[in-house]
Amino acid sequence: MTLLSVVQMNSQNDIEANFGVAESLIQQSKANGASLIVFPENFVCFAAGKQRETAERFEEFQQRLEHLAAQYQIWIVAGTLPCPFRPDGSTISDGRVRTVSLCISPERTEVRYDKIHLFDVQVGDSVGGYQESKFFEPGSDVVVAKTPFGNIGLMVCYDLRFPELALTLRSQGANILTAPAAFTYTTGEMHWKLLLQARAMDSQCQVLGAAQQGWHGEKRQTWGHAGATNSRGQILQITAQEGAQLLTVPFDLAEQEKIRASMPLMQHRKLVQY
């Protein structure tokens, strides 16, 4: 059995303060005996309109996170960071950036996932409408990281609403799905817990939903409630308090294999033509 940690944060636009909170949570996670810690979306800097400015420091942030992973000997799913270049190294020339989730081992960055689904929706909160595609370029590649304790399928926030991504990650060997998020208060209250459970139930993977919580500036409010499910879709833990929080939950690969064998969903799945 392995222990895995999931983080809730209230990140602002103070990068050094956010890194200080992140390191403190890594220390707590390591003290709990965890092998992995998952941070939320925008955990290094949560500031509207500063995506490109923050993205120019992507490699600096990556190196700092690699140092923390090595120092504390822990795997890190580094929530998301804005990045000004694509996985092939080409620069995004239209002023947009990519939302990137890094999976970092104690030795190096293992994989990079560029968020595929962008949040272009009308919510009806104090912000009203969101148009991520105006500021972000979508990725296209499905990414699974191999670790000593299981394979991690990387997702980000709005990706949770698309079961076909979770199923593709499962078909590519994922045992754990990570979902760094910054759900709006409105959509989170309606669907966050349900989506964590649904994606776990669909894929028979353990789902780790790291979350932003609280106010970020005067208009943006996130739902929080970082949570983790087991491979049956049952909630293991979910945060109830505000601010920075840490959950540490067990993951048992042998138990997951029993769950999958007793209900072989992937073998039973059929494409239905309408």
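Refer to the structure presented above.
Predicted model, so just to flag it, every value in this text is computed and none were measured. Counting of residues starts from 1 at the beginning of each chain's written sequence and follows it residue by residue. Only residues with pLDDT of at least 70 are given local features in this predicted model, and only at 80 or more are side-chain atom pairs given and counted; all residues enter the totals for whole chains, interfaces and linings. Hydrogen atoms and water are omitted, and side-chain values are computed over all heavy atoms in the structure.

A.B. asks: Give a description of the overall build of the protein chain that names residues and reports values.
C.D. replies: Numbering of helices and strands runs from the N terminus, with a helix taken as a DSSP run of H or I at least four residues long and a strand as a DSSP run of E at least two residues long. For the protein chain, the count of helices and strands is 7 helices and 16 strands. We compute the radius of gyration over the C-alpha atoms and compare it with the globule rule, which gives 2.2 Å times the number of residues raised to the power 0.38. Against the compact-globule benchmark of 19 Å for 274 residues, the protein chain has a radius of gyration of 17 Å, which places it among compact chains. Taken over the C-alpha atoms alone, the protein chain extends approximately 50 × 50 × 40 Å along its principal axes. When each of the 274 residues of the protein chain is scored for burial, the buried share is 57%. Here a residue-residue contact requires only that any non-hydrogen atoms of the pair lie within 4.5 Å. When contacts within the protein chain are restricted to residue pairs at least 6 apart in sequence, those whose partners lie at least 24 apart make up 70%. Summary of the burial criterion: residues with accessible area below 20% of their type's maximum are buried, those above 50% are exposed, and those between are partly exposed, where the area comes from a 1.4 Å probe applied to protein chains only.

A.B. asks: Summarise the packing of helix α1 (residues 15-31) against helix α3 (residues 58-72); cite the residues concerned and give the values.
C.D. replies: In this analysis an axis means a line fitted to C-alpha atoms, helices contributing only their contacting stretch, and an angle means the value between N-to-C directions, from 0 to 180 degrees. Remark: α1 packs on α3, axes separated minimally by 11 Å, with the N-to-C direction vectors making an angle of 25°. Taken together, α1 and α3 sit at an angle that is classed as roughly parallel. You can see that α1 and α3 cross each other, and the crossing is right-handed. For the pair α1 and α3, contact is made by Ile 15, Glu 16, Phe 19, Glu 23, Ile 26, Gln 27 and Lys 30 and by Phe 61, Arg 64, Leu 65, Leu 68, Gln 71 and Tyr 72, respectively. The labels follow the angle: roughly parallel below 35 degrees, roughly antiparallel above 145, roughly perpendicular from 65 to 115, and oblique for the rest. Crossings are sorted by hand: turned counterclockwise from the far helix by less than a right angle, the near helix makes the crossing left-handed, and turned clockwise it makes it right-handed.

A.B. asks: Describe the sheet that holds strand β14 (residues 227-229), with residues and values.
C.D. replies: The criterion for strand pairing is that DSSP finds at least two bridges linking the strands in question. In spatial order, the strands read β8-β9-β10-β11-β14-β15; together these 6 strands make up an open sheet with mixed pairing. One side of each edge strand has no neighbouring strand; the edge strands of this open sheet are β8 (144-147) and β15 (235-238). Strand-to-strand twist of the sheet, defined as the mean angle between neighbouring strand axes without regard to direction, takes the value 15°. Where strand β11 (residues 206-209) meets β14, 2 bridges bridge the pair, whose relative direction is antiparallel. Residue Gly 209 lies in a different strand from β14, and its bridge partner there is Gly 227.

A.B. asks: Tell me about the nonpolar core, residues and numbers included.
C.D. replies: Within the largest apolar cluster, 43 residues are counted, with the highest numbers of intra-cluster contacts made by Leu 36, Cys 103, Ile 152, Leu 177, Trp 192 and Leu 208. Per-element accounting of this core gives the leading share, 4 residues, to helix α5 (residues 185-203). When sequence neighbours within four positions are dropped, the list of residues in contact with Leu 208 reads Leu 4, Val 6, Leu 36, Val 38, Ile 176, Leu 177, Thr 178, Ala 179, Gly 227, Ala 228 and Val 249. To define a nonpolar core, start from buried Ala, Val, Leu, Ile, Met, Phe, Trp, Tyr and Cys residues and group those joined through side-chain atoms within 4.5 Å. If you look at the next biggest cluster of nonpolar residues, it comprises 28 residues, including Ile 26, Phe 58, Ile 76 and Ile 104.

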